[in-house]
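# Observations on chain architecture
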Amino acid sequence: MTARIFRDPWGVPHLRAADETALAAAQGRVTAYDRAWQLEVERHRAQGTSAAFLGADELGWDRFARQARLADTARRCHAALDPATAAWVGAYVEGVNAGLTAGAARAPQFAAVGLAPGRWEPWTPLAVWLSHHVLFANLPTKLWREHVAERLGERWMNLFAADAPATTGSNGWLLAGERTADGAALLAGDPHRFIEDPGMYQQIRLACPEYDVVGLAVPGVPGLAHFGHTGGVAWAITNAMADYQDLYAERLRRRGAAVEAYGPDGWEPAAAHTETVEVSGGEPVHVEVVETARGPVVIGGPDDGTAISLRYPPRVLAELGFGALPALLRARTVADVDAAVDRWIEPVNVLQAADTSGGLLHRVAGAVPVRHPANRLRVVPAWSARHAWKGWHAPMPRAEVGDVAVMANARGLATPLGVEFAPPHRADRIRELLDAGGGWTAEAMATVHTDTYLASAGPLIGRLAALTGLTPAAAALRDRLLGWDRRMDAGSRDATAYALVRAALVRRLAAHDALAPLADPPAYPEVFRPWLALAPRVAHAVEAVLGSGLLPEEATEALLRAAVEEVSDEELPRWGELHRLTPWRALPEPDGAPVPGLAGDHDCVLSTSSVPGVTHDCLRGPAARYVWDLGDRDRSRWVVPFGACGVRGDPHHHDQTPAWLAGDLLPVTTDWDQLTEERHDH
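Residues numbered from 1 in each chain as written. Predicted model: local features only at pLDDT ≥ 70, side-chain atom pairs only at ≥ 80, totals over all residues. Heavy atoms only, no water.

Within an unreviewed UniProt entry, the label attached to the chain reads Penicillin acylase family protein, and the organism entered is Micromonospora musae.

This is the structure:
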């Protein structure tokens with residue numbers, strides 16, 4: 001065997017191989033052994049075949065994956081890879097295929113649904129990557145704006161924006177050497193995603209004569225795309241919140257067996273064929289797949305009154321940026337990282353990097369098309385030439401780094417590339433915390449990761465001060481909230497009081513006559529429905545709605561008063577008793593294991609997101625935490641919500657959960673003598 005597997009006390013795989021090709025194969029093999037069920041779920045989702053074993057609930061996603069042509073786009077992107085990158089990805093796929101049988105034998109979910117492990121194709125990792133990120137770039141938000149414009153009028157189209165949050169984001173910060181205890185840079189943060197079990201990020205080490213890198217991999221994808229530390233240089237990313245996908249209203253018609261679309265030059269042929277989606281426990285479903293010159297039709301079709309196509313860079317360029325992945329592993333300096341991510345396409349990220357020579361980097365990486373401003377806001381007509389793409393934004397924005405740089409999805413470096421960004425609360429709070437201290441160490445970064453101060457509560461609390469004529473119980477609740485420290489601590493009843501008042505207000509706003517036209521979502525495919533429901537939109541834009549003028553001031557005051565009166569009669573449990581971790585699993589757990597309670601809230605640095613007015617359950621949060629220490633890699637720290645292994649019952653399935661809940665960071669161990677070599681036949 002040309003590769004060896006070692007494990008640290010947390011079961012994290014450390015791989016050592018004779019060359020980078022053997023190392024890529026070892027990464028695929030150990031990932032299949034540790035996470036076979038996760039890999040196969042993601043492969044099927046990327047292909048649009050998950051309903052065949054998970055049932056009709058997955059049909060909406062499978063339909064979208066087929067219509068958006070995810071697998072076909074991955075095939076195109078793979079065909080365009082340079083030979084060296086294609087061979088490297090191919091070695092990873094060979095490793096996955098070699099390890100799947102043994103990995104599947106460990107995972108009880110395969111037997112539960114009657115699924116046999118399949119075979120990965122050379123392009124499958126690209127399809128998995130695309131499946132994870134195709135909804136990153138405001139596509140559903142454009143449908144929502146269209147809905148608002150049609151129901152309330154164009155002037156209200158951005159009512160729910162106000163730097164509204166997207167479904168994904170991250171915190172990241174970079175401290176130059178003058179701000180740290182030993183004079184070397186620190187790079188830290190936490191990617192926010194829908195929490196999945198097994199987790200989205202896989203802690204791993206990849207070592208061969210060419211490089212030795214620790215970081216967070218995406219299971220099913222070779223290398224360390226977004227978070228890595230080579231010893232000499234480290235990098236990390238957050239979502240840039242850039243807008244780089246467009247939706248086009250299409251006019252389609254049938255001409256015999258053919259389909260035509262009406263473009264800027266009149267009627268033109270469109271590609272069309274039918275695919276069959278198998279459904280466990282149900283009848284097969286036939287899906288017509290249509291593609292115009294703009295892109296695949298993801299809503300409606302030739303026989304519907306509405307048809308909308310999606311144009312996205314990987315489909316246009318036949319490129320995802322995978323050539324950057326092996327280049328990142330070989331990086332020695334920030335200049336190397338900078339050059340590597342020049343090749344990046346999808347998704348568009350803000351990247352930070354630091355090296356042991358004092359080099360610092362803060363830039364945007366990815367592909368953003370140049371086009372008409374209306375394209376960035378809503379669905380635009382396919383037949384108008386002014387909405388065609390006209391090249392690419394270049395060069396991508398970058399900034400000089402002083403002693404501190406923060407990236408938290410707010411307006412800043414990527415502002416010219418986007419429309420809606422996260423509110424500034426997390427970014428401002430991180431800067432405030434970092435500026436309040438000095439001599440920072442990797443261990444001390446946990447105090448930033450876990451900060452629960454909720455600055456976004458200020459406007460609503462301020463409105464409470466003006467409320468008069470309350471019952472004694474409601475007045476006491478108002479006064480309690482006016483004195484609250486605005487920390488969403490798990491043990492706080494005041495945090496619960498705020499969350500309950502906010503939720504009651506959201507429900508009342510969503511039910512108000514002024515917003516009634518938005519109550520029924522448009523008849524778009526179910527995969528988009530989470531973005532098109534009214535209550536969640538109100539929940540994350542409460543102050544924008546209250547201050548918009550859509551509702552008279554006396555009406556908003558009455559709604560807030562009613563919300564306070566409602567909550568004044570309720571028991572107030574601790575916040576962690578309501579705010580509980582609710583990870584997505586392809587199959588539910590068979591036992592009723594306790595659900596952990598959480599601190600934090602959407603706009604806290606400890607960003608544990610629920611949907612106020614709908615549920616207090618946490619659906620999204622830190623999918624990992626990391627600190628990369630450029631003074632000594634062994635002082636680096638990391639943690640994930642569950643564990644290094646995705647196999648139910650394995651000792652390392654959920655052994656990191658207590659540390660993740662407590663805000664603790666675990667050591668990154670790179671001394672081979674402190675690791676345990678693993679020998680087996682898989």
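Now that the structure has been shown, the text picks up again.
### So, the overall build of the chain
Tallying secondary structure elements over the chain gives 22 helices and 25 strands in all. At 25 Å, the chain has a C-alpha radius of gyration in line with the 26 Å of a compact globule built from 682 residues. Based on the C-alpha atoms only, the size of the chain along its principal axes is roughly 80 × 70 × 50 Å. Counting the 682 residues in the chain, one finds 62% classified as buried. Long-range contacts, defined here as pairs at least 24 residues apart, represent 70% of the contacts in the chain between residues at least 6 apart. A total of about 24000 Å² of accessible surface is found on the chain, and carbon and sulfur atoms cover 50% of it. Distance from the positive charge centre (64 side chains) to the negative charge centre (84 side chains) of the chain: 3 Å. (Helix = DSSP H or I, 4+ residues; strand = E, 2+ residues; numbered from the N terminus. Rg over C-alpha atoms; globule rule 2.2 N^0.38 Å. Buried < 20%, exposed > 50% of the residue type's maximum accessible area, 1.4 Å probe, protein only. Contact = heavy atoms within 4.5 Å. Areas by Shrake-Rupley, 256 points an atom, 1.4 Å probe, with all protein chains shown as cover. Lys, Arg positive; Asp, Glu negative; His and termini not counted. Charge placed at Lys NZ, Arg CZ, Asp CG, Glu CD.)

### What to know about the nonpolar core
Leu143, Phe160, Leu515 and Phe528 are the most contacted members of the largest nonpolar core, which totals 180 residues. Each of two domains, domain 1 (138-162 + 453-486 + 493-573) and domain 2 (246-311), supplies a minimum of three residues to this core. For Leu143, the residues in contact, after removing those within four places along its chain, are Leu247, Ile299, Ile308, Val379, Tyr524, Phe528 and Leu532. (Core = buried A, V, L, I, M, F, W, Y, C linked by side-chain atoms within 4.5 Å. Domains from an automatic or database assignment.)

### Comments concerning the UniProt feature "active site" (unreviewed entry) in the chain
Here the UniProt feature "active site" (unreviewed entry) sits at Ser170. Along the chain, Ser170 falls in strand 3 (residues 169-175). Excluding its chain neighbours within four sequence positions, the residues that come into contact with Ser170 are Asp190, Pro191, His192, Ile237, Thr238, Met407, Ala408, Asn409 and Arg426. (UniProt positions renumbered as here; feature names shortened; annotations may be inferred.)

### A short note on the packing of aromatic side chains
Enumeration over the complete set of coordinates arrives at 15 aromatic pairs. Residues Phe64 and Phe528 carry aromatic rings whose centres are separated by 5.7 Å and whose planes lie at 80° to one another, so their mutual orientation is edge-to-face. Of this pair, Phe64 sits in helix 3 (residues 59-67) while Phe528 sits in the loop between helix 16 (493-511) and helix 17 (529-532), and the two are 464 residues apart along the sequence. Take Phe64: its relative accessible area is 2%, and that puts it in the buried class. A centroid spacing of 5.2 Å and a plane angle of 65° characterise the contact between Tyr262 and Trp267, whose relative ring orientation is edge-to-face. With a relative accessible area of 35%, Trp267 lands in the partly exposed category. Seen from the ring of Trp123, Arg75 lies directly overhead, with NZ or CZ sitting 4.9 Å from the centre. Here the guanidinium or amino end of Arg253 rests over the ring plane of Trp267, the centre of that ring lying 4.0 Å away. (Phe/Tyr/Trp six-rings, centres within 6.5 Å; stacked < 30°, edge-to-face > 60°. Lys NZ or Arg CZ within 6 Å of the ring centre and 35° of its normal.)

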